[in-house]
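What follows is the residue order along each chain.
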Amino acid sequence: MTSLTRLMWKEYRVLRGFWLALAGFGLFIDALFFLLTDSHDRLAGFVGLAGALPAGFAFGAGAILFALEQEESTRDLLRVIPVTPMPVFASKVLTAVSGTVLLSLLLLSVTIVDWGFIRAGVAETITGALFLTLIYALLVMQAMGWSVFFSLRSASPLLAAFMGALGAALCIGLVHFATERVGLYRPDRSGWAPILHVVATVSIWLIDLWLASRWLHDRHATPRTADVKSVRSATQKRLFWQSWRRSSRLLATLVILGVLVTVIFWPAFVLVTGLPFALAGCCTFLADQEGRQFRFFAERGVPAGRVWINRQLFWAGTAILLAAILFVVHRLALRFLIPLSDMPEQVRSLWSRYEWVFAADRYPLWVGLAFGAGQFCSMAVRSGIVAAAVGVLLAVLLLAWAVLMQALAIAFWWSVAPLVVALFAASWLRCDGWLLERNSLRAWLPPALALFVPVVCVLTLVPVYRVWEVPVSEVAIDVPSMSRAPVSDAARRFLAACERVPLSLGQNDLPSLADPGNAAPTEADKRWLEDNGRALDEVLETLSQLPTDATIWGDTTYRAINWSQLATAMLRSGQLAEDDSRLDTKLATAWQFYRGAFRLAEVVRHDDGYLGELTGDEIERAAATQLPRWGARPGQTVERLRSAIAELRLIEDRQASLADVVRREYADSLQWIDGAQANPGQSGEPAVLVAGWAPWEFARVRRLLHYTYGLYLLDSQDADAALAGHNDPSAYSPRGPQLYQADLYWRTSFLQAAPAGGLPDCRRVAVCYRRAAALALAIEAWRLEHSEMPRTFDQLEGAYFEEVPLDPYSNRAFLWFPFGWNDSVRTPNVSLIPAGTPLIFSPGHLGSINSHEEATLNRLHRRNAQDPVRESRAGHPAAAMPIEASGAAGTGRASQLVGMPGEAVQGLAFPMPIVEP
């Protein structure tokens, strides 16, 4: 072999351990990417890792090349061999560059296993990829040049790495400042930044070449020896002074680097804030490892424990100082420099996600975890650069574990703190063997057990705790049969008719979808309804032939239909039919559309479980809002109103109990969990992750399902009993705290089974609207028969109801104000109720009326048609609204009265519409 190849073989043996450490870590992370991510994210992870780790190797190798020769006192050997400085320099640089390229190729070769990145259009991005590769190689060579520069001027590889990082960061920052701030960067000068980087890279390598030509035969260089001259009084004071003399420059560089990283990456620096602490830990035994100077203490009988305590005090103090500086810099930046409110949404989201790091009970453990990983690797690995690389990688894994524990809401005192203690205990137990250079199994067994036992205990307790933290539910849930009737021909005809209406998901063909009960159809609505009138008539016809308990679930066309928009189209059609004076049967036609909306709500509610309940309730509330106005139309008949009232009562009789809905939803969720465990690949990426790495999560989510749905079942049974009039409904669930705790459990769950919360409230609102609509229709029928409004609801019993519907929020009669209120009022469901408007009132979610609300209602109560109506003008411009002043004779005369929102009243109001004769 030539002298160059022999020198390259020597450098290969020096860099081999560092290269293998990074290669092993990179392959491990690639395996995690392959197992835990989809093809798109997997490719991004592969490419990103194949760029980051080789750059780190090039940077670290540059710091090792020359500084290690001085650290291990092998520089004199190079002087005596017959070789000039240039072959030495070339062999070192070629070996480092070759290792960087090989590491990149090794990590990129993993992508061959995953063929998901091969897709159409890849060839079009080759030019951009080559340009980015050239820029990446340029920056890597620039960073390597800086590390080589400081390696030539230092006897410590780690110090050279720190100084090189500082120099590279400043150089890249200056280029950025010159191109964007000084004014060199313009659209016509877009190539200035690469040119400046080329100039910087060439300049630093020319300087390195000049220094290398003088480095080998520098007459002032002397071998590095131990700093301690006497061990007669090897006290902590002398050891501390020795640490200061050896590491003061390294300490200062580390503090400056930590502050610089904080300023550059703030506020995203929370993701890398463990890096400075890990590097501080990697420096703990660095000075003693250089040239194996720890032998000095072993030969003179210095206790290993005293050396361990001194080094820990010195560098742990440095880490604490650095942590305090970073904390203060962060707070000052957050308060004075760049307020978080002025930052982009992505930055605020990132900060809110990791703000917990700076909590009083989290930050010390975060610092201790990173520093502990570094100090253990500083003792276990002799090479400073390799120790820094392995220490940082270990710190990253441990800090990722801390992030996972925070996401799962697991206490740090038993899931993270034992790992911190284990890292320091392992280095303490290894201290004697390290000082005496004992590497036998007996010497390594105590520190290995100190690490292994806590890790195994934590990894065992976390799955047990995850399952155990969910309380055991004592509520028995009868799982109904999951078998469904086949889809009938009538259902298929109905679905086919629905598909012909252009209201599928993602389309916005029908405007004015919000608030269909209170907004009149716009001109755009009318044009749309005219264009699609025939299709809507077909939907209405097929829907009338469809049983309300028909099965349409599971059909592929079902998921493409927007039921809410279809119901809105029906309601708009009913409104237009009411306003069309050309039709003699306009009110009957309008009722068919309104009845179709109610029927659609029943079909959806029966066939789609929890989501069907929510959608059905929404449709019913919108349809019920139309009926009072329809019932007060001129030309209305008592027989038609009686038929509508009977239809509304039948809907309530046919409605399934909430308890049955909860049981069916529980069975559906349980079936999904069983399917996800049996075939995780068909249930999404979370199921694959859980099946491969956390199978106990299936047991946890089953237990959580039983606990949550047990609470929902009890609430639903209470709601069913209240709606049936068997007990007094409560305004709030007495199981609110337990449901809140269950919601916290679901937030930390890997598998989401969509627990069906809020069904009692939704059902209660829908029933309230439906019963109030039935009462409004009965009032209009009474007015048609008696030419006046009924004074009490008792007059309606027997004539239109077997029993007058009760308010579902109180199981008492609705409040009836036949002459309205003496002031205009706002309620949560009505933006403005003009004074004097007859209305039906429910206390709503309050459940019952307290003394204050009762006094308010009494003050607002208008006793007869001759009571004066107040005008609420305070702070509002006057606005005239026509309302009907219905007197005892029911003449229906109209008057112009001023009505503006005077105050807000809690509760649900159902005003009777004012329609001109």
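**Q** Whenever I open this one, the side chain of N829 confuses me. Can you help?
**A** Among the secondary structure elements, N829 is positioned in the loop between β4 (825-827) and β5 (830-833). Take N829: its relative accessible area is 19%, and that puts it in the buried class. Only 3.5 Å separates the side chain of N829 from the side chain of Y769, close enough to count as a polar contact. Reaching out from N829, the side chain makes a polar contact with the side chain of T827 at a distance of 3.0 Å. When neighbours within four sequence positions are excluded, N829 is seen to be in contact with Y769, G907, L908, A909 and F910.

**Q** Which parts of the structure should I look at to understand the sheet that holds strand β9 (residues 903-904)?
**A** Across a sheet, paired strands are connected by hydrogen bonds in the backbone, their directions being either parallel or antiparallel. The 3 strands are arranged β5-β4-β9 in an open sheet whose pairing can be described as mixed. For this open sheet the edge positions go to β5 and β9, each flanked by a neighbour on one side alone.

**Q** Where do I start with the sheet that holds strand β10 (residues 908-911) in this structure?
**A** With antiparallel pairing, the 3 strands of this open sheet are ordered in space as β3-β6-β10. Of all strands in the sheet, those with a lone pairing partner are β3 (815-817) and β10, marking the two edges. Neighbour-to-neighbour, the strand axes of this sheet turn through a mean angle of 20°, independent of strand direction. Where strand β6 (residues 839-842) lies against β10, 4 bridges are found, and the strand directions are antiparallel. For S842, the partnering residue across the bridge sits in β10 and is L908. Taken strand by strand, helix α30 (residues 759-786) contacts β3, β6 and β10, and its axis lies near 155° from that of β6.

**Q** What exactly am I supposed to notice about the packing of helix α9 (residues 274-282) against helix α14 (residues 363-380) here?
**A** Where α9 contacts α14, the two axes come as close as 6 Å, and the packing angle between them is 35°. Note that α9 runs across α14; the crossing there is right-handed. Contacts from G274, F277, A278, A280, G281 and C282 of α9 reach α14 at Y363, W366, V367, A370, F371, G374, Q375 and S378. For the contact of α9 with α14, the residue count by class is 9 nonpolar, 5 polar and no charged.

**Q** Even after reading the chapter, I still don't get the pattern of salt bridges, so can you show me in this structure?
**A** Oppositely charged side chains can pair when the atoms bearing their charge come close. Taken as a whole and judged by the stated rule, the model has 29 salt bridges. A salt bridge links E652 to R771; the shortest N-O distance between them is 2.5 Å. Taken together, the positions of E652 in helix α25 (residues 638-654) and R771 in helix α30 put the pair 119 residues apart, joining distant regions of the chain. With respect to burial, E652 and R771 carry one shared label: buried. For the salt bridge of E780 with R783, the shortest nitrogen-to-oxygen distance reads 3.1 Å.

**Q** Just to check I follow, could you spell out unusual backbone geometry for this structure?
**A** Only a minority of non-glycine residues have a phi that is not negative, and only a minority of peptide bonds are not trans. The phi dihedral of A409 falls on the positive side, at around 60°, and the residue is not glycine. Looking at the secondary structure, you find A409 in the loop between α15 (384-407) and α16 (412-415).

**Q** Which parts of the structure should I look at to understand the packing of helix α22 (residues 563-579) against helix α24 (residues 609-631)?
**A** Helix-helix packing: each pair is described by the crossing angle between the helix axes and the interaxial distance. Put simply, α22 and α24 touch, their axes get as near as 10 Å, and they point 5° apart. Considered as vectors, α22 and α24 are oriented roughly parallel to each other. Taking contact as the criterion, the partners of W563, S564, A567, L571, Q575, E578 and D579 in α22 are, on α24, T615, E618, I619, A622, A623, Q626, R629 and W630. For the contact of α22 with α24, a count of residues per class yields 7 nonpolar, 4 polar and 4 charged.

**Q** Help me out: how do you make sense of the environment of V455 in this one?
**A** Among the secondary structure elements, V455 is positioned in helix α18 (residues 441-468). Measuring from C-alpha to C-alpha, the distance between V455 and A422 comes to 8.4 Å, with 33 residues separating the pair along the chain.

**Q** Honestly, a negative patch on the surface in this entry has me stumped. Any pointers?
**A** Residues D794, E797, E802 and E803 make up a contiguous surface patch of negative charge. Note that E803 resides in the loop between α30 and β1 (806-807).

**Q** What exactly am I supposed to notice about the side chain of T615 here?
**A** By the secondary structure assignment, T615 is in helix α24. Given the relative accessible area of 19%, T615 is considered buried. Ignoring anything within four residues of it in the chain, the contact list for T615 reads W563, S564 and V604.

Rules used in this analysis
- Residues numbered from 1 in each chain as written.
- Predicted model: local features only at pLDDT ≥ 70, side-chain atom pairs only at ≥ 80, totals over all residues.
- Heavy atoms only, no water.
- Helix = DSSP H or I, 4+ residues; strand = E, 2+ residues; numbered from the N terminus.
- Buried < 20%, exposed > 50% of the residue type's maximum accessible area, 1.4 Å probe, protein only.
- Polar contact = N/O pair within 3.5 Å; in protein donor to acceptor, adjacent residues only side chain to side chain.
- Contact = heavy atoms within 4.5 Å.
- Pairing = 2+ DSSP bridges.
- Axes fitted to C-alpha atoms, helices over the stretch in contact; angles between N-to-C directions.
- Left-handed = near helix turned anticlockwise from the far one by under 90°.
- Nonpolar A, V, L, I, M, F, W, Y, C, P; charged D, E, K, R; others polar.
- Salt bridge = Lys/Arg side-chain N within 4 Å of Asp/Glu carboxyl O.
- Parallel < 35°, antiparallel > 145°, perpendicular 65-115°, else oblique.
- Patch = residues over 30% accessible without salt bridge, like charges linked within 9 Å, V, L, I, M, F, W, Y side chains within 5 Å.
- Areas by Shrake-Rupley, 256 points an atom, 1.4 Å probe, with all protein chains shown as cover.
- Lys, Arg positive; Asp, Glu negative; His and termini not counted.
- Charge placed at Lys NZ, Arg CZ, Asp CG, Glu CD.

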